[in-house]
Amino acid sequence: MQYSTTAVNPSSRSVDCLIVGIYEGGTLSSGANDVDQASRGKIKRLLKSGDLTPKLGQCMVLTDVTGVRAPRVVVVGLGKQNAFKAKQFQAAILAALRAISGSKCKSVLNCLTLEAITGSSEYYLARYTAQAAATALYRFTQLKSDKKPAASALRRIEVALPSRGGAGKAMRGFEHGDAIGFGMSLARELGNLPSNICTPSYLARSAQKLARDSKLLQTRVLNEAEMKRLGMHSLLSVSAGSQEPGKLIVMQYKGGGRQKPVVLVGKGVTFDTGGISLKPGAAMDEMKFDMCGAAGVLGTMATVARLQLPINLNVIVPTVENMPSGTATNPGDIVTSMSGQTIEILNTDAEGRLILCDALTYSRRFKPDTVIDVATLTGACVIALGHHRTGVMSKSDALAASLVAAGELAGDYAWRLPLDDEYAEQLQSNFADMANVGGREGGAITAGCFLAKFTDGLNWAHLDVAGTAWSSGKQKGASGRPVPLLTEFLLARSGALP
Ligand code: BES
Ligand code: MN
Ligand code: ZN
């Protein structure tokens, strides 16, 4: 994709398509006003006739508007003018780019950047535009044999600026947004692949492939024998029932000299049947998405490597398939984790925490500044927060606050849940140091409390992306979240934000 900025009047710009907006109550956006004047009132007439709706994200494509050089104008609803903020901007530009993603348009000019949007600079508006383009243009085509959905024709994206002033910042925003889009697309592709292709070994090969493209990046893959020697019996108890061998993927990106690294740990359960505590059949296919935590941290690594950020970043992916079989772990079995703590596995379906705890213990060898795990960990988090916000849990107020704030800026929203000691009491076991489940009540939090037992003394946070990493139903597919949130957090740390 090519990106640029322009300060000329939208109506006189020669591109294949303009994107302009209208607000509730019939107010025109700056771009729509320019188109209206050039066309002697076309937009206002359409508004009057009721053919244009100002509902946020509703699009109408106009063709051959007189007085406008672009052959197409997408008019997108922007909602209430006083409520038009970064979030609404992102929804509107995504809807508009979706509307033209199947057309023959090769170039588009986004005029929504001419609006006054409190709290958003040229940098963010350009970045959101590039990220929306990647989101709108992504297609899963790998496994379609004949009727492959055609790739979009879009090659060039411009944003309109009120003056030449912010062009430098906008170009930086394009660069970052493009890289975030690249990381999200990788995360979506890995997430969408079925479990007969995306096995633990496949994830390991994907990580090794990523490292081939960057001099600053190295990947190592530990096999089951090596993990056994390290004492990762909790992780190995999950892969025990599967024919697919478990792996521990360890990536090191060194762009930050002698700084202590940030470590991202991603849950890589390539399929979660529940194990002997077998899940019910309905929608079980969606448990191919149970490696979306892994996909999210690999996607973030891809973004960081592409931007060559001046930071040190490690990614650890414990990856397994959770299957029932004669060699599977039984409910009630007790294992010793790498930390030395023993775990009574009361429910083999609470397997994510069993692989994460050993990966978190492993992360200590990097003397990390910060450790963040990302996991499709609990159905309870989906009940608590729905599909809109990722759950954030941390003992550190500062770390939790900066992750939530990063989510707000990135448009990848998160919300903090508590980790009080009272919740941890639900994990009490009569036979081992802890049980791996704490009952139905506060299930997202007791899962967080379980992980907290392995992160004592670390600056650690846990992201539960069970509700946000993929969509169900007709729109079924991985979302690429939380790549934007994590990248924002890392950009802020690296001083790369303008
Ligand atoms: N991968 C699931 C969590 C999940 C379920 C995410 C549905 C998204 C949608 C996880 O391994 C799991 O099975 N968790 C159990 C924990 C329970 C046994 C304590 C759950 O949420 O039911
Ligand atoms: Mn499970
Ligand atoms: Zn799971």
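You'll find the structure just up there.
The notes below deal with the structure included here.

Cut-offs applied
Residues numbered from 1 in each chain as written. Chains lettered and ligands numbered in written order. Predicted model: local features only at pLDDT ≥ 70, side-chain atom pairs only at ≥ 80, totals over all residues. Heavy atoms only, no water. Donors = N, O, S within 2.8 Å, 3.2 Å for Na, K, Ca; no water. Tetrahedral: all angles 85-135°; square planar, octahedral: opposite > 155°, others 65-115°. Helix = DSSP H or I, 4+ residues; strand = E, 2+ residues; numbered from the N terminus. Salt bridge = Lys/Arg side-chain N within 4 Å of Asp/Glu carboxyl O. Buried < 20%, exposed > 50% of the residue type's maximum accessible area, 1.4 Å probe, protein only. Axes fitted to C-alpha atoms, helices over the stretch in contact; angles between N-to-C directions. Parallel < 35°, antiparallel > 145°, perpendicular 65-115°, else oblique. Left-handed = near helix turned anticlockwise from the far one by under 90°. Nonpolar A, V, L, I, M, F, W, Y, C, P; charged D, E, K, R; others polar.

### Here we look at the coordination of the zinc ion (ligand 3)
Thought 1: At 2.0 to 2.4 Å from the zinc ion (ligand 3) lie its protein donor atoms, namely Lys 267 (NZ), Asp 272 (OD), Asp 290 (OD) and Glu 351 (OE).
Thought 2: Given six donor atoms and angles of 78 to 175 degrees at the metal, the environment of the zinc ion (ligand 3) is assigned as octahedral.
Thought 3: Along the chain, the residues that donate to the zinc ion (ligand 3) are spaced as K-x4-D-x17-D-x60-E.
Thought 4: A separation of 3.2 Å is found between the zinc ion (ligand 3) and the manganese ion (ligand 2), which share Asp 272 as a coordinating residue. With Lys 267 in the loop between β9 (262-266) and β10 (268-272) and Glu 351 in the loop between β13 (342-345) and α10 (352-363), this pair connects stretches of sequence that are 84 residues apart.

### Details of the coordination of the manganese ion (ligand 2)
Thought 1: Looking at the manganese ion (ligand 2), one finds its protein donor set to be Asp 272 (OD), Asp 349 (O), Asp 349 (OD) and Glu 351 (OE), positioned 2.1 to 2.2 Å from the metal centre.
Thought 2: Because the angles between the six donor atoms bound to the manganese ion (ligand 2) fall within 71 to 167 degrees, the donor set is best described as irregular.
Thought 3: Here the donor residues for the manganese ion (ligand 2) map to a single chain with the spacing D-x76-D-x1-E.

### A closer look at the pattern of salt bridges
Thought 1: Inspection of the entire model under this criterion finds 16 salt bridges.
Thought 2: Across the salt bridge formed by Arg 127 and Glu 488, the nearest N and O atoms sit 2.4 Å from each other. Here Arg 127, found in helix α4 (residues 122-137), pairs with Glu 488, found in helix α15 (residues 483-494); they are 361 residues apart in sequence, far enough to count as distant. Comparing Arg 127 with Glu 488, the two get one shared label, buried.
Thought 3: Note that Asp 178 is salt-bridged to Arg 306, the shortest N-O span being 3.6 Å. With Asp 178 in helix α5 (residues 167-192) and Arg 306 in helix α9 (residues 292-307), the pair connects residues that are 128 residues apart, well separated along the chain.
Thought 4: The exposure class of Asp 178 is partly exposed, given its relative accessible area of 26%.
Thought 5: A single salt-bridge network, built from bridges that share partners, covers Arg 13, Arg 156 and Glu 158.

### Remarks on the packing of α4 against α5
Thought 1: The interhelical angle for the contact between α4 and α5, taken along N-to-C directions, is 30 degrees, at an axis separation of 7 Å. The angle between α4 and α5 falls in the class roughly parallel. The two elements α4 and α5 meet at a crossing, and its hand is right-handed.
Thought 2: The residue makeup of the contact of α4 with α5, split by class, is eight nonpolar, seven polar and six charged.

Function cannot be inferred from these measures alone, as they are strictly geometric.
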